[in-house]
Amino acid sequence: MQAIMVLLAFLFLKTGEKFATQEMAGQTVGEFTACVAKAVGGVEFEPRVLNDPVKAVEFCTTKKPPVGIVTPGFYLAYQKALDMEPLLEVRRQKVATERYVVVVKKITAGDGLDAVRGKVLATTLAAEERYIVGVILQDKVAELRMKPVTDIEGAVFDLVEGAKEAAGAVLMEEAAWQAMEKDEELGPKLKAAYRSEELPGALVVAFRANVGKLDLCKLKTALTSLGKSEEGRKTLGSIRVEAFEAVKQERLKKAQESFLGKLQ
Amino acid sequence: MRLALCLLVLALCGCKSISTVRAPEASAGNRGYIVGGPRVAAPVAVLTNDFDALVTAAQSLASVAENDSQSDRRRDAAKRGIVAARRARELKPDRVEGHYWYAINVGFLADVDRSYGLDAVAEMEPALKRAGEIDERYDYAGPLRVLGVLLLRAPQPPVSIGSPRKGLRLLQRAVERFPDYPENYLYLGEALREAGRADEAKAAWQKVLALPAPADRQFEAVQWRKQARNFLDSSGAGGSSR
């Protein structure tokens, strides 16, 4: 007799990442969720890869996924509205610590966020504005103007070359900056004016109202056990994840406080 | 016979689509840069020290790795192509062919085995750079073209090595080197579109439609034109010179 499989939606959100679309990443993410579903047993996941938080909210309200992997900014913004509970945190490959830096031209006067004031900030995270202002920049820059971009390197080239529409500063992951500052062409012309505190990684979350009979303990075990087998490590590698780990609650709480900041 | 480099680049919630970048045919043509020979996928084991035969095998196996209908056979061909190209590279490290075909076959392996995607990028980049240092004109500026597309389509650091601006420059150089070769314009158009230069992108794709196909690339040219028309249609320009 064939076992009954429950089909469940699974949200993947990577805000502003141009490759985070169903068309580009759907198959790879599908292979990942299939591996997880096999370990959980009795379920099948139907993943949806998105890079726009608004579309992610729409997806959550229409498809009612019980689980997802989302950015911390999305979690903090919609935690209550979507009744999210953080289950695990993502540790990415090649990323020791999740931080952001603000990069400006080396000749820019001032350091820290003084070098950013009055400038337009190019960022892939523009759709998570409150996260940028409150958590990454700690509410230290008033009246920040942002320029949404999908190509950080392009924004940096525009900055360096003085392009007409160039932003005056670029917000990027520290790990990306570490690669860029070694670049013979770009590195000598740039400096990191501001470095954020350590930030939460992407979060595996449960949408509590949609969990139903999905066994979250089994799900957590399945995810944290991936690194223990060759196949699991290969699966993790395909989505460039080093491991799924327990949520660093203190760091998340701190981010939450910063997020609420002036909103409180 | 068409040969394409299919490269899959994967990232966390960010995986790049399969690209198709033409690589040279395994036999005639190629302006004398490629050593001719039988187009069969000769067993690598018997070619251990014959550079020309290894190159021919690597080219032929790349063709199988692209075109075979069975993924197992594609995977096997790509792996054997890698072995042949690697051996050719060892025998004559100052010749372009081994480096170039190594990168092409690695790309095909990544296409069949998606979990290999980003690792493939790390293999392809130095091989293509070396190939370009030795002879960037090989295969109508193949090292420039393939590396350009690799940089254009790969995710940016820290995930991978993607650099759309540098990819654009390489593709511009490829066009400068071979201004009458249509394929280079196909990818130049893509790079220009990514850089937000829509009008220039359309002009590049129009060039694909306007240029005559090289004698040794008649079949491939049909595919390039089809792609160029698709790009033009999706950009709202339409492929007028059909």
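It should be emphasised that the depicted structure is a prediction, and the values quoted were computed from it without experimental measurement. (Residues numbered from 1 in each chain as written. Chains lettered and ligands numbered in written order. Predicted model: local features only at pLDDT ≥ 70, side-chain atom pairs only at ≥ 80, totals over all residues. Heavy atoms only, no water.)

Chemist: I'm lost on the overall build of chain B in this one. Help?
Modeler: If you tally the helices and strands in chain B, you get 9 helices and 2 strands. Secondary structure of chain B in N-to-C order comes out as β-β-α-α-α-α-α-α-α-α-α. Considering chain B as a whole, with its 242 residues, one finds that 59% of them fall into the buried category. In chain B, the proportion of contacts linking residues at least 24 apart, taken out of those at least 6 apart, comes to 61%. Surface accessibility of chain B: about 8,900 Å² in total, with carbon and sulfur atoms responsible for 50%. (Helix = DSSP H or I, 4+ residues; strand = E, 2+ residues; numbered from the N terminus. Buried < 20%, exposed > 50% of the residue type's maximum accessible area, 1.4 Å probe, protein only. Contact = heavy atoms within 4.5 Å. Areas by Shrake-Rupley, 256 points an atom, 1.4 Å probe, with all protein chains shown as cover.)

Chemist: Whenever I open this one, the interface of chain B and chain A confuses me. Can you help?
Modeler: For interface size, the figure often reported is the accessible area lost on association. Counting from both sides, the interface comprises 26 residues of chain B and, opposite them, 34 residues of chain A. Of the roughly 2,500 Å² buried between chain B and chain A, counting both surfaces, carbon and sulfur atoms make up 54%. Across the contact surface, chain B and chain A share 6 salt bridges. Of the charged contacts in the structure, one is a salt bridge between B:R165 and A:D158, with a shortest N-O distance of 2.8 Å. Elements represented by at least two residues in the side of chain B that touches chain A include exactly β2 (16–22), α4 (117–135) and α6 (164–177) of chain B. Among the elements that take part in the side of chain B that touches chain A, α6(B) stands out by supplying 4 residues, more than any other. In terms of residue class, the side of chain B that touches chain A is made up of 12 nonpolar, 5 polar and 9 charged. (Buried area = accessible area lost by both parts, 1.4 Å probe. Salt bridge = Lys/Arg side-chain N within 4 Å of Asp/Glu carboxyl O. Nonpolar A, V, L, I, M, F, W, Y, C, P; charged D, E, K, R; others polar.)

Chemist: It is not clear to me how the sheet that holds strand β8 (residues 169–173) of chain A should be interpreted in this structure. Could you clarify?
Modeler: Strands pair in a sheet through their backbones, by hydrogen bonds, and they do so in one of two ways: parallel or antiparallel. All names here are of chain A. Strand order in the open sheet made by the 5 strands is β7-β6-β8-β5-β9, with mixed pairing throughout. With one partner strand each, in any of the chains shown, β7 (145–148) and β9 (190–195) form the two edges of the open sheet. Averaged over all adjacent pairs, the angle separating strand axes in this sheet is 35 degrees, with direction ignored. Each of β5 (100–105), β6 (120–123), β7, β8 and β9 is contacted by helix α4 (residues 129–136), which is oriented at about 130 degrees to β7, the strand it contacts most. (Pairing = 2+ DSSP bridges. Axes fitted to C-alpha atoms, helices over the stretch in contact; angles between N-to-C directions.)

Chemist: What am I meant to see in the sheet that holds strand β11 (residues 241–246) of chain A here?
Modeler: Residue and element names in this part refer to chain A. With respect to topology, 6 strands assemble into an open sheet ordered β2-β1-β3-β10-β4-β11, the strand pairing being mixed. Edge positions in the sheet fall to β2 (43–50) and β11, since each of these pairs with one other strand and no more. Here the strands of the sheet are splayed against their neighbours by 25 degrees on average, with no regard to which way each runs. The pairing of strand β1 (residues 6–13) with strand β3 (residues 67–70) spans 3 bridges and is classified as parallel. What sits directly across from F10, in β3, is V67. Here helix α2 (residues 53–63) sits on the sheet in contact with β1, β2 and β10 (203–207), set at roughly 165 degrees to β1.

Chemist: For this particular structure, what's the right way to read the nonpolar core?
Modeler: Nonpolar side chains in soluble globular proteins tend to be buried together. Counting 66 residues, the largest nonpolar core has B:Y100, B:W101, B:L128 and B:L186 as the members making the most contacts within it. Among all residues touching B:L128, those that are not within four sequence positions of it are B:Y100, B:A103, B:P143, B:V146, B:L147 and B:L150. Counting residues in each nonpolar core, the second largest holds 42 residues, with A:M84, A:L125, A:V141 and A:V205 among its members. (Core = buried A, V, L, I, M, F, W, Y, C linked by side-chain atoms within 4.5 Å.)

Chemist: Help me out: how do you make sense of the packing of α4(A) against helix α9 (residues 249–260) of chain A in this one?
Modeler: Helix packing geometry: the angle between the two helix axes and the distance between the axes. Residues and elements named next belong to chain A. Their axes nearest at 7 Å, the elements α4 and α9 cross at an angle of 110 degrees. Viewed along their axes, α4 and α9 adopt a mutual orientation that is roughly perpendicular. Where α4 approaches α9, its residues R130, Y131, G134 and V135 are matched on the opposing element by A255, S258, F259 and L260. Across the contact of α4 with α9, the residue classes break down as 5 nonpolar, 2 polar and 1 charged. (Parallel < 35°, antiparallel > 145°, perpendicular 65-115°, else oblique.)

Chemist: Would you mind going over empty space enclosed by the protein with me for this structure?
Modeler: Rolled over the atoms, a probe sized like a water molecule indicates the empty space that remains. All names here are of chain A. Under the counting rule described, the total for this entry stands at 3 cavities of 30 Å³ or more. Estimates place the volume of the largest cavity at around 740 Å³. Looking at the largest cavity, it is lined by 46 residues, and the ones nearest its centre are K14, E17, R92, Y100 and E173. Counting residues per element, the ones that place at least two in the lining of the largest cavity are β3, β4 (84–92) and β8. At 3 residues, β8 tops the list of elements feeding residues into the lining of the largest cavity. (1 Å grid on protein atoms, 1.4 Å probe; cavity = no way out; pocket = protein on both sides within 12 Å on 5 of 7 lines; lining within 4 Å. Points joined across faces, edges and corners; volume = space filled by probe spheres on them.)

Chemist: Quick question: what am I supposed to make of the packing of aromatic side chains here?
Modeler: Here the distance between the centres and the angle between the planes together describe a pair of aromatic rings. All names here are of chain B. Scanning all chains against the criterion turns up 11 aromatic pairs over all chains. With centroids separated by 5.5 Å and ring planes inclined at 70 degrees, the aromatic side chains of Y140 and F178 adopt a geometry described as edge-to-face. Remark: F178 occurs in the loop between α6 and α7 (182–194) and Y140 occurs in helix α5 (residues 138–153); sequence separation between them is 38 residues. Comparing Y140 with F178, the two get one shared label, buried. Considering the side-chain rings of Y140 and Y181, the 4.0 Å spacing of their centres and the 0 degrees angle between planes classify their relative orientation as stacked. A residue pair is termed long-range when its members are at least 10 positions apart, and Y140 in helix α5 and Y181 in the loop between α6 and α7 qualify at 41 residues. (Phe/Tyr/Trp six-rings, centres within 6.5 Å; stacked < 30°, edge-to-face > 60°.)

Such coordinate-based values are descriptive only and should not be taken to indicate function.
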